[in-house]
Amino acid sequence: MSEPAPAATPKRERRRVREMGVVVARVRRETADTTSLYLVGDEPFEYEAGHFCTIDPHQFPVLKHFIAHLEDVKGSREKPRAYSLGSAPHEDHLLITIKEEVYASGETPYPPLLSPLLTHHTPVGARLVISGFTGAYVIPPDAAGRVDRVVHVCAGSGIVPNLGLIKSSLHRGDPFRHILLFSNKTRQDVIYYEEFEELRRRHPDQVEVIHCLTREEPSGIPGARRGRITKELLQEMIPDPSRTLAFTCGPGITPHERKAARDQGEEPTPRFVENMVVLLHEVGLDRKQVKEESWG
Ligand SMILES: Cc1cc2nc3c(=O)[nH]c(=O)nc-3n(C[C@H](O)[C@H](O)[C@H](O)COP(=O)(O)OP(=O)(O)OC[C@H]3O[C@@H](n4cnc5c(N)ncnc54)[C@H](O)[C@@H]3O)c2cc1C
């Protein structure tokens, strides 16, 4: 009798990044310089909360001459831009939220290419090609057994993937308390304010939101603080570092800044995410307990 064939080793599911056509189903202005686009497609979107997609600027005929000029001046092809997903996999749309970058004369070498178009000139019904989905800014599958608190340390548009992470975790019924520390200059700059108020109302035992405003007194915002996110605030919110996972997202050192510093033989100046990672380590979290994502 011949030996039975060994059982096939289950292959780890590998999600391929692929292009897909989507349509803008809803546009919502978040702040003066930030817009959310709700995207729908013909097929279900397969992603994990916290993933990002990319959008290639070459698909927009209106940018054709601008791209050609930038590629001549920079001597390289303009790359697709990444946008985090603010939606969660159980929702029937994709949510991306774009903050318009600015051109500051004498400070930024080139004007921004794609974000002004997506922020101000992408109406309901517009068709886009996106690629996705990927990223490491996700809650690990084994977190439920070892963690009881997830702390989200965000600034500005860095809130986007964290909204997806929190909605998805609540939907799954994870046994975590989510604490969001959200830094902005003023109340007018806060993205998703109402979403988080709603999450806090619906899940009072699981969602805590602390707005930190750096340029004005936070009047009328429950539990808000004046000033930056400090080590003391992190210590207060992380009573047991061994049972905590942290996600930090916001401005970070850009590849351009890293290269410029290297060319000068200097260290690049740390920005929000690098500063928060240091503070999270100082309050007792190790490298494996801190996930970070940043953009300029
Ligand atoms: C993982 C990830 C997720 C992201 N998620 C979001 C999100 O949810 N929302 C969001 O708004 N953004 C997000 N971003 C940022 C986004 O990908 C774009 O970088 C942003 O929208 C700006 O694109 P742009 O084409 O308008 O500007 P760009 O043309 O890329 O220019 C941006 C700035 O960089 C400068 N610059 C460009 N090229 C050079 C160069 N060669 N040397 C020096 N400086 C240069 C420009 O002068 C300008 O100030 C994310 C980025 C990453 C990596």
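What you see is a predicted model; the values in this text were computed from it and never measured. (Residues numbered from 1 in each chain as written. Predicted model: local features only at pLDDT ≥ 70, side-chain atom pairs only at ≥ 80, totals over all residues. Heavy atoms only, no water.)

K.L.:
Talk me through the overall build of the protein; I want residue IDs and the actual numbers.
P.N.:
If you tally the helices and strands in the protein, you get eight helices and 12 strands. Here the protein has a C-alpha radius of gyration of 21 Å; the compact-globule value for 296 residues is 19 Å, and the two agree. Counting the 296 residues in the protein, one finds 46% classified as buried. Restricting to contacts in the protein with at least 6 residues of sequence separation, those with at least 24 account for 74%. Accessible surface for the protein amounts to roughly 16,300 Å². Of this, 50% is attributable to carbon and sulfur atoms. Averaging the locations of the 39 positively and 42 negatively charged side chains of the protein gives two centres separated by 1 Å. (Helix = DSSP H or I, 4+ residues; strand = E, 2+ residues; numbered from the N terminus. Rg over C-alpha atoms; globule rule 2.2 N^0.38 Å. Buried < 20%, exposed > 50% of the residue type's maximum accessible area, 1.4 Å probe, protein only. Contact = heavy atoms within 4.5 Å. Areas by Shrake-Rupley, 256 points an atom, 1.4 Å probe, with all protein chains shown as cover. Lys, Arg positive; Asp, Glu negative; His and termini not counted. Charge placed at Lys NZ, Arg CZ, Asp CG, Glu CD.)

K.L.:
Before we move on, could you go through the site of the ligand and cite the residues and values that matter?
P.N.:
Close to the ligand lie 22 residues; Ala82, Tyr83, Tyr110, Leu114 and Ser115 are nearest. Note that an oxygen atom of the ligand is positioned 2.7 Å from one of the side-chain N or O atoms of tyrosine 83. Here lysine 99 contributes a backbone N or O atom positioned 2.8 Å from an oxygen atom of the ligand. Breaking the shell around the ligand down by element, the ones donating at least two residues are β4 (81-84), β5 (94-99), α2 (115-120) and β12 (290-295). The element that contributes the greatest number of residues to the shell around the ligand is β4, accounting for four residues. Of the residues assigned to the shell around the ligand, the class counts are 12 nonpolar, five polar and five charged. Structurally, the shell around the ligand is a two-domain feature, drawing no fewer than three residues from each of domain 1 (18-134) and domain 2 (143-295). (Near = heavy atom within 4 Å. Polar contact = N/O pair within 3.5 Å; in protein donor to acceptor, adjacent residues only side chain to side chain. Nonpolar A, V, L, I, M, F, W, Y, C, P; charged D, E, K, R; others polar. Domains from an automatic or database assignment.)

K.L.:
How would you explain the domain arrangement of the protein if you had to name every residue and give the values?
P.N.:
Assigned domains of the protein: these are domain 1 (18-134) and domain 2 (143-295). Here the C-alpha centre of domain 2 lies 23 Å away from the C-alpha centre of domain 1. In this complex, domain 1 contributes 20 residues to the contact, which on the side of domain 2 involves 17 residues. Summed over both sides, the interface between domain 1 and domain 2 buries roughly 1,300 Å², with carbon and sulfur atoms accounting for 59% of that surface. Across the pair glutamate 91 and lysine 167 runs a salt bridge, and its minimum N-O distance is 3.0 Å. In this structure, the connection of domain 1 to domain 2 is made through five residue pairs in polar contact (both at pLDDT 80 or more). Among the secondary structure elements, those contributing two or more residues to the side of domain 1 that touches domain 2 are β1 (18-31), β2 (34-40) and β5. Residue composition of the side of domain 1 that touches domain 2, by class: seven nonpolar, nine polar and four charged. (Buried area = accessible area lost by both parts, 1.4 Å probe. Salt bridge = Lys/Arg side-chain N within 4 Å of Asp/Glu carboxyl O.)

K.L.:
Go over the environment of proline 268 with me, naming the residues and quoting the values.
P.N.:
Along the chain, the position of proline 268 falls in the loop between α7 (255-264) and α8 (272-282). Sequence separation between proline 268 and glutamate 257 is 11 residues, and the spatial gap between their C-alpha atoms is 6.4 Å. Beyond its immediate chain neighbours, meaning those up to four positions away, proline 268 contacts Ile253, Glu257, Arg258 and Ala261.

K.L.:
Can you break down the side chain of histidine 178 residue by residue, with the values?
P.N.:
Topologically, histidine 178 is positioned in strand β8 (residues 177-184). Classification of histidine 178 as buried rests on a relative accessible area of 1%. Among the polar contacts made by the side chain of histidine 178, one reaches the side chain of histidine 152 at a distance of 2.9 Å. One polar contact links histidine 178 to serine 169, side chain to side chain, over a distance of 2.9 Å. With near-sequence residues (within four places) excluded, histidine 178 lies in contact with Ile139, Val150, His152, Ile166, Ser169, Leu170, Gln206, Val207 and Glu208.

K.L.:
Quick rundown of the pattern of salt bridges? Include the residues and the values.
P.N.:
On inspection of all chains with the given rule, the structure shows 19 salt bridges. The salt bridge partner of glutamate 198 is arginine 201, with a shortest N-O separation of 3.1 Å. Of the two residues, glutamate 198 and arginine 201 both sit in helix α5 (residues 193-202), three residues apart, roughly one turn of that helix. With a shortest N-O distance of 3.7 Å, glutamate 257 and arginine 271 are connected by a salt bridge. Here glutamate 257, found in helix α7, pairs with arginine 271, found in the loop between α7 and α8; they are 14 residues apart in sequence, far enough to count as distant. Look at glutamate 257 and you get partly exposed, because its relative accessible area is 31%. Given the relative accessible area of 27%, arginine 271 is considered partly exposed. When salt bridges with common partners are traced through the structure, they connect Arg28, Glu30 and Glu195 into a single cluster.

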